[in-house]
Every structure is written in C-alpha cells, then in structure tokens.
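Okay, here's what each chain looks like letter by letter:
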Amino acid sequence: METTNVKAYGTVAADAPLKQMDIQRRNATAKDIEIDILYCGVCHSDLHTARNDWGFTTYPTVVGHEIVGKVTKVGSQVTKLKVGDFAAVGCLVGSCHTCDNCKHDLEQYCSNGWIGTYNSPDKYLGGMTYGGYSEKIVVEEHFVLKVPANLDLAATAPLLCAGITTWSPLRHWKVGKGSKVAVVGLGGLGHMAIKLAKGLGAEVTLFSRTPGKEKDALDLGADSVIISTEDSQMGSVSGKFDLIIDTVPYVHDVNPYVGTLNTSGTLVIVGYLGGLEPFLNTVPMIMGRKSVAGSLIGGIAETQEMLDFCGKHNIVSEIELIKMQDINEAYERMLKSDVHYRFVIDMASLKG
C-alpha cells in the first residue's frame, strides 16, 4: 500500500519525552477520508498511553483522539463529506461492523475488538495506529464525523472524547427535563457533564471535595454545589439523584455518593479504570435498588448525535490552546490538575 510521510509528535519509551518524529499514513483508499488536522485535544488517556501506565503501550506511539480538521481527500466511494468540509475523529477508527454491538451502533463495545485511533493494530499498514498529534490522518468514512458549522473548532475537539464519554451515559439513562443529575469532579470530563446534562434539561449538582469551585460550577450551568467532605451537606442530598456521573480519574471511595442516589438510581463511573478501594458496600444498593455502573465512550451514531446537539445548543469545551512543542509541560500540568479545563493543541505549530 502506498504511504505518505507525515510529521508527528510521539515517544519511543515510557520514560522518554514526546518529540517530533516522522510516521507513515496510508494514501486514501476508496472508502477513506484524509483530514488535515487543525486541532487535537489532550486527554488523560494520552498521558497514560504515552507513559505506559496501563501496561499495554507499543512503542513508538503517537497519541491523540480528539481530532478536528479539514477534509483534503476523499475516496471514490465516500458520500458523507467532501473536500473542504470540517470533520472530526474521536477514539475509534475501526470495528468489525458485523457483531451485534456494531449492528446496533455500539462500536465502542465491538465483540471482536474495536480499533482505537492510537495504539491499536493497524489492519492496513501493520504495526499500530497513530493518533492525532500529527499533521494529518486517514480514516474510514464510517468513523469520520461532521462538525456543526457554528461551533468553535478548537473548543470542539474535546467533545470527541470528554464530550461523548459523558453524553453516552446521560442518553443511556434517559436524562431529560426534571432529571436530577450529580457530577463528581470538575475537570475535563466533569465540566462537559455539567454542560450537557444542563442542556438536556436536568437539575445539575456538582460534588467537590473542597470549596472554591462553586463559581466555576455555577457559571458552567450547575444549579448547586455539595462539598462531599461535609457530612451535613451530604446528608442534605441523601436519596436525591437519579444519576451520578463520576469523572474522578483515580481510585477513590464511591460509597458516600451511593447514599445520595434515589431509589433505582445509578452511579456511573467514566473516569477511573481499576479496583475500588475501599470495597463497595452493597447494603444501600440492595435496600434501594441502586446501581454502580461503568460506561465507555459512545458509538459513531451517538457521537454524531452529541455533536449535532452541541451545535444546536452552542455547547463546546472550555480550553487552553497550546503549541505542540509544549506538550510535555502540559502533561506535567495535567498531573497537577493545572488546566482549565482541557488542553487543545494548535497543530499549526507542528506544521510551521
């Protein structure tokens, strides 16, 4: 297969900084769309993959799965987009298309293994897929999304992961007008959960461990803030919420939040992978038919639905725009939660 040499930013080892490198992209096939990348959001998953925190990174790796750009080439069978259109790519660039999950627009749960935008087997070129910290990307038409014309392109990028990660549980648990939703954590995921839940008509509460985030939360659309370390405040919302979206990316105690669920309510974990500590107490779950669940991203149809909803309601992420050359510093700042609320890379800095 013919390829094109492309500038990228990646790393060759868990303890090595990201730096400029060259990668190969396939030339567009009949069903492919080639995208000149304008902006790429920076996700915690990028950092975890680059540093092999999950133990399955293949090096060299080029991460990035919150991609917005302009279509530069389309294959002969492509009908969704044309050259010059703005397009987006999220966490998925492939799936089997044939399993029950794929047939029901749940590619993120593909029974035969979905193909991630980075660090997944590349069925075209061999090796592993390379992500959005690069000049361009070539993706099957099915996995390319349309960007509403009214949205700020840079601030749209985080919708492709942070947005859909919170949108999918909101839709699955049928959040709408009159729903009572709480969000744990006010970071990249949390601030999008507030915006989207409010956009759907829910009454939204932020759980925060420390005071000081009230103004930000209210500005984002939250109706109230509960300090989770204050017993009296937690008691005031006992049995209140239909859905809690837990965005915290590290191990933490979820038991206090379970007590704030309504009968048949659900706490859904979207930010943390791993074992719960301390153990999950099932007593309030059994006594109130409460659930603790998990959720991944969304499928392609659901992601397009989310983008269209954001276009209609003018919802985008709150971002800090950085140069590609500043990514290593940005990672260190992410570890200190020093970002308001999502870094987005201006990819013009790589092309210059």
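As the structure is a computational prediction, the values presented were derived from the model and not from experiment.

A water-sized probe, rolled over the atoms, reveals where empty space remains. Counted as a void, the second largest pocket has a volume near 290 Å³. If you list the elements that add at least two residues to the lining of the second largest pocket, you get strand 2 (19-26), strand 6 (92-94) and strand 8 (136-140). Element by element, the count of residues in the lining of the second largest pocket is highest for strand 8, at four residues. Broken down by class, the residue content of the lining of the second largest pocket amounts to eleven nonpolar, seven polar and five charged.

Attention shifts here to a nonpolar patch on the surface. Side chains of Leu 106, Tyr 109, Trp 114 and Leu 296 sit close together on the surface and give an oily, nonpolar patch of about 310 Å² of accessible area. Positionally, Trp 114 belongs in the loop between helix 2 (100-103) and strand 7 (115-116).

A few words now on helix 5 (residues 188-199). Relative to the 16 Å expected for twelve residues at 1.5 Å per residue, helix 5 spans 17 Å between its end C-alpha atoms, a close match to the ideal helical length. Regarding helix 5, the residues found buried are Gly 188, Leu 189, Gly 190, His 191, Met 192, Ala 193, Ile 194, Lys 195, Leu 196 and Ala 197. Positive backbone phi, at 100 degrees, marks Gly 201, one or two positions downstream of helix 5.

What follows deals with the pairing of strand 3 (residues 32-41). With eight of ten residues buried, strand 3 lies mostly within the body of the structure. Bridge count between strand 3 and strand 8: five bridges; the pairing is antiparallel. Along strand 8, the bridge assignment pairs Glu 34 with Val 138. Two elements, strand 3 and strand 4 (residues 67-74), share seven bridges in a ladder whose sense is antiparallel. The residue of strand 4 that forms the bridge with Cys 40 is Ile 67. Bridge count for strand 3 against strand 17 (residues 342-346) is three bridges, and the pairing is antiparallel.

What follows deals with the packing of aromatic side chains. By the definition in use, this model includes four aromatic pairs. Ring centres 4.7 Å apart and planes at 45 degrees place the aromatic pair Trp 167 and Phe 309 in the tilted group. Note that Trp 167 is positioned in helix 4 (residues 162-172) and Phe 309 in helix 10 (residues 300-313), a separation of 142 residues in sequence. Between Phe 207 and Phe 241 the ring centres are 5.6 Å apart and the planes differ by 80 degrees, which places this aromatic pair in the edge-to-face class. Taken together, the positions of Phe 207 in strand 11 (residues 203-208) and Phe 241 in strand 13 (residues 241-246) put the pair 34 residues apart, joining distant regions of the chain. Like Phe 207, the residue Phe 241 is buried in the burial classification. Here a set of aromatic residues connected by ring pairs shows up, and it is made of Phe 207, Phe 241 and Tyr 257.

The next point concerns the side chain of Ser 295. Mapped onto the fold, Ser 295 is located in the loop between strand 15 (291-294) and helix 10. For Ser 295, a relative accessible area of 15% corresponds to the buried category. Among all residues touching Ser 295, those that are not within four sequence positions of it are Tyr 109, Ser 168, Pro 169, Val 268, Ile 269 and Val 270.

Attention now moves to the packing of helix 4 against helix 5. Helix 5 packs onto helix 4 with a crossing angle of 50 degrees between their chain directions and a minimal axis gap of 8 Å. Comparing the axis directions of helix 4 and helix 5 gives the class oblique. Between helix 4 and helix 5 lies a crossing of right-handed hand. On helix 5, the residues touching Ala 162, Gly 163, Thr 165, Thr 166, Trp 167 and Leu 170 of helix 4 are Gly 188, Leu 189, Met 192, Ala 193, Leu 196 and Ala 197.

This part covers empty space enclosed by the protein. Per the stated rule, a full pass over the model turns up one cavity of 30 Å³ or more. Put simply, the largest cavity is a space of about 60 Å³. What lines the largest cavity is simply Gly 90, Cys 91, Leu 92, Leu 145, Leu 160, Ile 164, Ile 297, Gly 298, Ile 300 and Thr 303. Class assignment for the residues of the lining of the largest cavity results in seven nonpolar, three polar and no charged.

If you want to describe how two helices pack, look at the angle between their axes and the distance between the axes. Relative orientation of the contacting elements helix 4 and helix 10 amounts to 100 degrees, with a least axis distance of 10 Å. Our classification of the angle between helix 4 and helix 10 gives roughly perpendicular. Where helix 4 approaches helix 10, its residues Gly 163, Ile 164, Trp 167, Ser 168 and Arg 171 are matched on the opposing element by Glu 302, Thr 303, Glu 305, Met 306 and Phe 309.

Turning to the pairing of strand 5 (residues 86-89), a few remarks are in order. By the bridge criterion, four bridges tie strand 4 to strand 5 in an arrangement that is antiparallel. Paired with Lys 70 across the bridge in strand 5 is Phe 86. Pairing between strand 5 and strand 9 (residues 145-146): two bridges, direction antiparallel. Considered in strand 9, the bridge of Ala 87 is made with Lys 146.

Parameters and conventions
- Residues numbered from 1 in each chain as written.
- Predicted model: local features only at pLDDT ≥ 70, side-chain atom pairs only at ≥ 80, totals over all residues.
- Heavy atoms only, no water.
- 1 Å grid on protein atoms, 1.4 Å probe; cavity = no way out; pocket = protein on both sides within 12 Å on 5 of 7 lines; lining within 4 Å.
- Points joined across faces, edges and corners; volume = space filled by probe spheres on them.
- Helix = DSSP H or I, 4+ residues; strand = E, 2+ residues; numbered from the N terminus.
- Nonpolar A, V, L, I, M, F, W, Y, C, P; charged D, E, K, R; others polar.
- Patch = residues over 30% accessible without salt bridge, like charges linked within 9 Å, V, L, I, M, F, W, Y side chains within 5 Å.
- Areas by Shrake-Rupley, 256 points an atom, 1.4 Å probe, with all protein chains shown as cover.
- Salt bridge = Lys/Arg side-chain N within 4 Å of Asp/Glu carboxyl O.
- Expected span 1.5 Å × (residues − 1).
- Buried < 20%, exposed > 50% of the residue type's maximum accessible area, 1.4 Å probe, protein only.
- Pairing = 2+ DSSP bridges.
- Phe/Tyr/Trp six-rings, centres within 6.5 Å; stacked < 30°, edge-to-face > 60°.
- Contact = heavy atoms within 4.5 Å.
- Axes fitted to C-alpha atoms, helices over the stretch in contact; angles between N-to-C directions.
- Parallel < 35°, antiparallel > 145°, perpendicular 65-115°, else oblique.
- Left-handed = near helix turned anticlockwise from the far one by under 90°.

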